[in-house]
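Geometric and topological summary
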Amino acid sequence: MNDLFEGYVGIRLWDGQVLNDLLFTLIFFALLLFALAFRFNYRAFLTMLKDVFYLKERQSLFEKRVVPDSYFRFFMILQTLFLCSLFLFSYFYSKNYLTFDLTGKNILLCIGGVFGVVVLFFFFKWLLYAITGVIFSDVQKYRLWQNSYIAIMGTWGILLYIPVVWLSLWGKYPIVPIVLFVISYFLCRFAIIVKTLRIFHKKNTGLLYISLYLCAQEILPLVFLYEGMVYLYNFIKTSTLWH
């Protein structure tokens, strides 16, 4: 009789508990890293916020941005891309698009895949910005725009904590965080467009630059992002790695 006793097996994990624990851990570490970055780079943070609202041509041959400031801005961009990835993953999960077994490994692989697509999307847009900026503007104007763009994206990343935490950890009324994400995204793009107009409108090539920006750099990259997400979804759905 004693041979049949298997010990205390405990309470079975409810569906989604592993996912919630992983998402909570990832968001917690993201917040922890942001708090540390803010603690040691609060002056760079204030400078970044000023770059969102003001235009000041600080870029010259005799004035360079300090290294910690560059690292901080790079971290803020990575934070924005990471939070976008978590939001997209949580959105796919809420819409029941993720039909594979949600083990810890599969969840991390899927989030990593989404993050990879988002990073490629960002660098693709950055390459378009660089090519267009070098061809149709001078270096000083492009650097000024570049600082403003990074500042706006970094500030947007801070605001993303609200819809990401809501959708990933709470899950109720999912339409609210989705609307918040969409509104914040369009406000971010609107701020970038306004900054672009303020920086380049005095140049003879300004109108051409703005036309290229609106057509090629806002619409075409979104098409590539959509195609990348569709390809990733089809890969996950058909690959035996996830089952």
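Here the structure is a predicted model, which is why all the values come from computation and not from measurement.

1. Points about the overall build of the protein
Secondary structure summary: the protein contains nine helices and zero strands in total. In the protein, 80% of the contacts between residues at least 6 apart in sequence involve partners at least 24 apart. As presented, the protein carries roughly 14900 Å² of accessible surface, and 71% of it is formed by carbon and sulfur atoms.

2. A closer look at the packing of helix α1 (residues 17-40) against helix α6 (residues 161-170)
In the contact formed by α1 and α6, the axes pass within 10 Å of each other and the chain directions differ by 160 degrees. Overall, the two elements α1 and α6 adopt an arrangement that is roughly antiparallel. Crossing angle aside, the handedness with which α1 passes α6 is left-handed. Across the interface between the two elements, N20, L23, F24, I27, A30, L31 and F34 of α1 pack against Y161, V164, V165, S168 and L169 of α6. In the contact of α1 with α6, the residues fall into 10 nonpolar, two polar and no charged.

3. Overview of the packing of aromatic side chains
For the structure on display, the rule yields 19 aromatic pairs. Aromatic pair F28 and F29: ring centres 5.7 Å apart, planes at 75 degrees, arrangement edge-to-face. The partly exposed category is assigned to F28, whose relative accessible area is 45%. A connected cluster of aromatic rings, assembled from ring pairs, spans F34, F38, F45, F72 and Y161. Positioned above the aromatic ring of F40 is the side chain of R39, whose terminal nitrogen or guanidinium carbon lies 5.5 Å from the ring centre.

4. Notes on the nonpolar core
Grouped together as the largest cluster of nonpolar side chains are 49 residues, with contacts concentrated most on F89, M153 and W156. Going through the elements one at a time, α1, α2 (42-53), α3 (67-94), α4 (104-136), α5 (139-159), α6 and α7 (175-200) are the ones with two or more residues in this core. If you tally residues by element for this core, the top one is α3, at 10 residues. With sequence-adjacent residues up to four places away left out, W156 is seen in contact with T80, C84, F181, S184, Y185 and C188.

5. Quick word on the side chain of K195
The topology assignment puts K195 in helix α7. The side chain of K195 sits in the buried core without any salt bridge; D51 is the nearest counter-charge, 6.4 Å away. A distance of 2.3 Å separates the side chain of K195 from the backbone oxygen of D51, its partner in a polar contact.

6. A closer look at the environment of G104
Positionally, G104 belongs in helix α4. The class of G104 is partly exposed, set by a relative accessible area of 24%. Not counting the four nearest positions on each side in its chain, G104 is found in contact with V18 and L22.

7. Considerations on the side chain of S184
Within the fold, S184 resides in helix α7. Filtering out sequence-adjacent residues up to four positions away, S184 remains in contact with W156 and L160.

8. Thoughts on the confidence of the model for the protein
Summing up the model confidence of the protein, the mean pLDDT is 77 and the portion of residues at 70 or higher is 68%. Low pLDDT, under 50, characterises residues 59-64; the predicted model gives this stretch six contacts beyond four residues in sequence or across chains.

Cut-offs applied
- Residues numbered from 1 in each chain as written.
- Predicted model: local features only at pLDDT ≥ 70, side-chain atom pairs only at ≥ 80, totals over all residues.
- Heavy atoms only, no water.
- Helix = DSSP H or I, 4+ residues; strand = E, 2+ residues; numbered from the N terminus.
- Contact = heavy atoms within 4.5 Å.
- Areas by Shrake-Rupley, 256 points an atom, 1.4 Å probe, with all protein chains shown as cover.
- Axes fitted to C-alpha atoms, helices over the stretch in contact; angles between N-to-C directions.
- Parallel < 35°, antiparallel > 145°, perpendicular 65-115°, else oblique.
- Left-handed = near helix turned anticlockwise from the far one by under 90°.
- Nonpolar A, V, L, I, M, F, W, Y, C, P; charged D, E, K, R; others polar.
- Phe/Tyr/Trp six-rings, centres within 6.5 Å; stacked < 30°, edge-to-face > 60°.
- Buried < 20%, exposed > 50% of the residue type's maximum accessible area, 1.4 Å probe, protein only.
- Lys NZ or Arg CZ within 6 Å of the ring centre and 35° of its normal.
- Core = buried A, V, L, I, M, F, W, Y, C linked by side-chain atoms within 4.5 Å.
- Lys, Arg positive; Asp, Glu negative; His and termini not counted.
- Salt bridge = Lys/Arg side-chain N within 4 Å of Asp/Glu carboxyl O.
- Polar contact = N/O pair within 3.5 Å; in protein donor to acceptor, adjacent residues only side chain to side chain.
- pLDDT = per-residue confidence, 0-100.

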